[in-house]
Amino acid sequence: MSKSSNTVYFPNLNGVRFIAAFSVLIHHIEQVKEVFKVPNFYDNHLIKNMGKLGVDLFFVLSGFLITYLLLHERGRFGHINTRNFYVRRILRIWPLYFLIVILAFFVFPSIPLFVPPNNEISFMAHNFYRRLSLFLLVLPNIGFILYNSPYLAAQTWSIGVEEQFYYLWPWIVKNFSWKRLLLTITVFCLGTFAVFFIYYRWVGNTQYANNVPEIVRFFFSQFRIITLMTGGGCAMLVYYKKEKVLNVLFQKDVQLLVYSALILSLATGFHISGLNLEYYGLFFGYFILNLAANPRSVVNLEYGWISYLGKISYGIYIYQTAFIVASFHLIHWTLGENLSPLTFNLIVYPLSASLTIGVSALSYRYFETPFLTLKHRFSKH
């Protein structure tokens, strides 16, 4: 870890973003194959869970970085400027988020290249403004639960989860006490309940019109607060220099043992009902902890191309479904629909990845960077 008075940098973490984004990409390619009724591996336990696990890895990483940065700010200045924190998060997340929302609601449905076989035009017309209102309020996970979401913007549910974590976490880290923790969680729960109540009672026409318990279950199955807090706990170990704990966790033999257990769990499809993602989140927290702060880490992801793909991973995550669908159409329109599964895979994987990476690189350079350059204005106290 490198830490100056102004900046915090951890090695390997762009590599973690790369792994997370491409895990979701593989999952989505196989999922889109199923939508197009192409032979696929979507029922394979690893492929089917790869998307959830990739997002889980993103959540743990987000919890780690946000917590460390908040602690660093509090240690340096004596307090946390929550206004600046929220503005920095808005500049990073909202531009690309709102772009994909606009494209998915208003543009993609009119372009055949981006329309999946489950043609969404009739679906999109139903509850259009109810659904759109929640996406515009940056509550896509709630929109997904109550009204479903456009297929090419379905991945934004996780953006909603992260945003809601950001609403909570600075107030907890700012001046931790059990009273503040209880108050923050209570306010959050009441606010969330109010949104559900307004849409359920007054806006209406939800997917689960007579099933409030299912709505609540669905929300908390997506709201991965424990996973995010796992990353936060790892950040605290590093920030507060808990050497006795870290010295044990950083041992080479312990690393090999933990990574072997992770690989075995993934390979066998080991599952803990109700806590599966939290279980894997512990492995991911350990992985990030070693990559970020252990100079003797047995894994190294500090390679130029991996770091670059990690840097543009937000775009890769946001754009991938649209350009996977586009890749399928391009293959079918140019080469026909009777390709062998092997030939199709040899084309669709590199084409989907290339289109997604290319668009993400352009987006990062010309669309996201102008917003990111504004962040430094909100790093001062």
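Rules of the game
Counting starts from 1 at the beginning of each chain's written sequence and moves along it residue by residue. Where local features are concerned, this predicted model is filtered to residues with pLDDT of at least 70; where side-chain atom pairs are given and counted, the filter is 80 or more; whole-chain, interface and lining totals use all residues. As a convention, hydrogens and water are excluded, and side-chain values are obtained from all of the structure's heavy atoms. Strands here are runs of E lasting at least two residues and helices are runs of H or I lasting at least four, both read from the DSSP assignment and numbered beginning at the N terminus. Only the C-alpha atoms count toward the radius of gyration. The rule for a globule is 2.2 Å times the residue count to the power 0.38. For the exposure calls, accessible area comes from a 1.4 Å probe over protein chains only, and a residue counts as buried if that area is under 20% of its type's maximum, exposed if over 50%, partly exposed in between. Contacts between residues were defined by any pair of non-hydrogen atoms, one from each residue, lying within 4.5 Å. Reported accessibility uses the Shrake-Rupley method at a 1.4 Å probe radius. Residues are deemed covered only where the shown protein chains occlude them. When charges are counted, Lys and Arg contribute as positive and Asp and Glu as negative, whereas His and the chain ends are disregarded. A charged residue contributes its charge at one atom only: NZ of Lys, CZ of Arg, CG of Asp or CD of Glu. Any carboxyl oxygen of Asp or Glu that lies within 4 Å of a side-chain nitrogen of Lys or Arg is treated as forming a salt bridge with it. Residues enter patches when their relative accessible area tops 30% and they take part in no salt bridge; the joining distance is 9 Å for like charges and 5 Å for the nonpolar side chains Val, Leu, Ile, Met, Phe, Trp and Tyr. Any two rings among Phe, Tyr and Trp, with Trp reduced to its six-membered ring, count as a pair given centres within 6.5 Å; such a pair is stacked if its planes are under 30 degrees apart, edge-to-face if over 60, and tilted if neither. Throughout this description, the term charge over a ring refers to an Arg CZ or Lys NZ atom that lies within 6 Å of the ring centre and within 35 degrees of the ring normal. An expected span of 1.5 Å times one less than the residue number is assigned to each helix. Regarding the arc, it is the one traced by the directions from the helix axis to the C-beta atoms. Angular values range over 0 to 180 degrees, each being the angle between N-to-C directions of two axes fitted as lines to C-alpha atoms, with helices fitted over their stretch in contact. Roughly parallel refers to an angle under 35 degrees, roughly antiparallel to one over 145, roughly perpendicular to one between 65 and 115, and oblique to any angle outside these ranges. Crossing handedness follows the turn of the near helix against the far one: under a right angle anticlockwise gives a left-handed crossing, and clockwise gives a right-handed one. Under the grouping applied here, Gly and all other residues not named as nonpolar or charged are polar, the nonpolar ones being Ala, Val, Leu, Ile, Met, Phe, Trp, Tyr, Cys and Pro and the charged ones Asp, Glu, Lys and Arg. Of the two site types, the cavity is a set of points on a 1 Å grid over the protein atoms alone where a 1.4 Å probe fits but cannot get out, and the pocket is an open set with protein on both sides within 12 Å along at least five of seven lines, each lined by residues with an atom within 4 Å of a point. Grid points are joined across faces, edges and corners, and a volume is the space filled by probe spheres set on the points.

1. Concerning the overall build of the protein chain
Then, in step 1: Scanning the protein chain for helices and strands turns up 16 helices and two strands.
Then, in step 2: Taking 381 residues into account, the globule formula puts the C-alpha radius of gyration at 21 Å, and the protein chain, at 21 Å, falls close to it.
Then, in step 3: For the protein chain, the spread of C-alpha atoms along the three principal axes comes to 60 × 50 × 45 Å.
Then, in step 4: Within the protein chain, the proportion of its 381 residues that are buried is 50%.
Then, in step 5: Summarising the internal contacts of the protein chain: among those between residues at least 6 apart in sequence, 77% fall at separations of at least 24.
Then, in step 6: Carbon together with sulfur atoms contributes 66% to the accessible area of the protein chain, which is approximately 18300 Å² in total.
Then, in step 7: Charge separation in the protein chain, taken as the distance between the mean sites of 30 positive and 15 negative side-chain charges, equals 12 Å.

2. Describing the pattern of salt bridges
Then, in step 1: Taken as a whole and assessed by the stated rule, the structure comprises five salt bridges.
Then, in step 2: Arg-224 is the salt-bridge partner of Asp-56, the closest N and O atoms lying 3.6 Å from each other. Here Arg-224 lies in the loop between α9 (212-222) and α10 (225-239) and Asp-56 lies in helix α2 (residues 45-77), a separation of 168 residues in the sequence.
Then, in step 3: The exposure class of Asp-56 is buried, given its relative accessible area of 0%.
Then, in step 4: With a shortest N-O distance of 3.5 Å, Glu-73 and Arg-88 are connected by a salt bridge.

3. Looking at the side chain of Gln-155
Then, in step 1: Relative to the elements of secondary structure, Gln-155 occurs in the loop between α6 (140-147) and α7 (157-174).
Then, in step 2: Excluding anything up to four places from it in sequence, Gln-155 contacts His-28, Ile-100, Tyr-317, Ile-318 and Thr-321.

4. Examining a nonpolar patch on the surface
Then, in step 1: Taken together, the side chains of Ile-102, Phe-106, Val-107 and Ile-111 present a nonpolar region at the surface, about 320 Å² in accessible area.
Then, in step 2: Structurally, Ile-111 can be placed in the loop between α3 (82-107) and α4 (121-125).
Then, in step 3: Look at Ile-111 and you get partly exposed, because its relative accessible area is 32%.

5. Digging into the packing of aromatic side chains
Then, in step 1: The tally for this structure, following the rule as stated, stands at 32 aromatic pairs.
Then, in step 2: An angle of 35° between the planes, with centres 4.8 Å apart, marks the rings of Phe-36 and Phe-328 as tilted. Taken together, the residues Phe-36 in the loop between α1 (13-35) and α2 and Phe-328 in helix α15 (residues 313-335) connect sequence positions 292 residues apart. Note on accessibility: Phe-36 and Phe-328 belong to one class, buried.
Then, in step 3: Ring centres of Phe-108 and Phe-114 lie 4.5 Å apart, and the angle between their planes is 35°; on these two criteria the pair is classed as tilted. Residue Phe-108 shares its accessibility class with Phe-114, and that shared class is buried.
Then, in step 4: Taken together, the ring pairs in this structure connect Phe-10, Phe-64, Tyr-68, Tyr-239 and Tyr-240 into an aromatic cluster.
Then, in step 5: The ring centre of Tyr-366 lies 5.1 Å from the NZ or CZ of Arg-365, which sits over that ring.

6. Here we look at α7
Then, in step 1: The terminal C-alpha atoms of α7, which comprises 18 residues, lie 27 Å apart, in line with the 26 Å expected from a rise of 1.5 Å per residue.
Then, in step 2: In terms of burial, α7 is a largely internal element, 15 of the 18 residues being buried.

7. What about helix α5 (residues 128-136)?
Then, in step 1: Taken as a whole, α5 has its buried residues at Phe-128, Arg-131, Leu-132, Leu-134 and Phe-135. The arc that holds every buried residue of α5, seen down its axis, measures 160°, which confines them to one face.
Then, in step 2: One or two residues past the end of α5 sits Val-138, with phi positive at roughly 55°.

8. Observations regarding the packing of α1 against α2
Then, in step 1: Where α1 meets α2, the closest approach of the two axes is 7 Å, and the angle between their N-to-C directions is 155°. Accordingly, the angle class assigned to the pair α1 and α2 is roughly antiparallel. Seen along the crossing, α1 lies across α2 with a hand that is left-handed. Facing α1, whose interface residues are Leu-13, Val-16, Arg-17, Ile-19, Ala-20, Ala-21, Ser-23, Val-24, Ile-26, His-27 and Glu-30, α2 presents Ile-47, Lys-48, Met-50, Gly-51, Gly-54, Val-55, Leu-57, Phe-58, Leu-61, Phe-64 and Leu-65.
Then, in step 2: Residues that form the contact of α1 with α2 fall into these classes: 15 nonpolar, four polar and three charged.

9. Things to note about the packing of α2 against α7
Then, in step 1: Axis separation between α2 and α7 bottoms out at 11 Å; the angle between their running directions is 25°. Taken as axis vectors, α2 and α7 run roughly parallel relative to one another. In the crossing of α2 with α7, the sense of the turn from one axis to the other is right-handed. Taking contact as the criterion, the partners of Val-55, Phe-58, Phe-59, Ser-62, Gly-63, Ile-66, Thr-67, Leu-70, Leu-71 and Arg-74 in α2 are, on α7, Trp-157, Ser-158, Val-161, Glu-162, Phe-165, Tyr-166, Trp-169, Pro-170, Val-173 and Lys-174.
Then, in step 2: Of the residues in the contact of α2 with α7, the class split is 13 nonpolar, four polar and three charged.

10. Looking at the layout of surface pockets
Then, in step 1: Of the pockets and cavities examined, the largest pocket occupies roughly 1600 Å³.
Then, in step 2: Breaking the lining of the largest pocket down by element, the ones donating at least two residues are β2 (8-9), α1, α2, α3, α7, α14 (304-311), α15 and α16 (341-372).
Then, in step 3: Of all the elements, α2 adds the most residues to the lining of the largest pocket, at 13 residues.
Then, in step 4: Across the lining of the largest pocket, the residue classes tally to 22 nonpolar, 13 polar and 11 charged.

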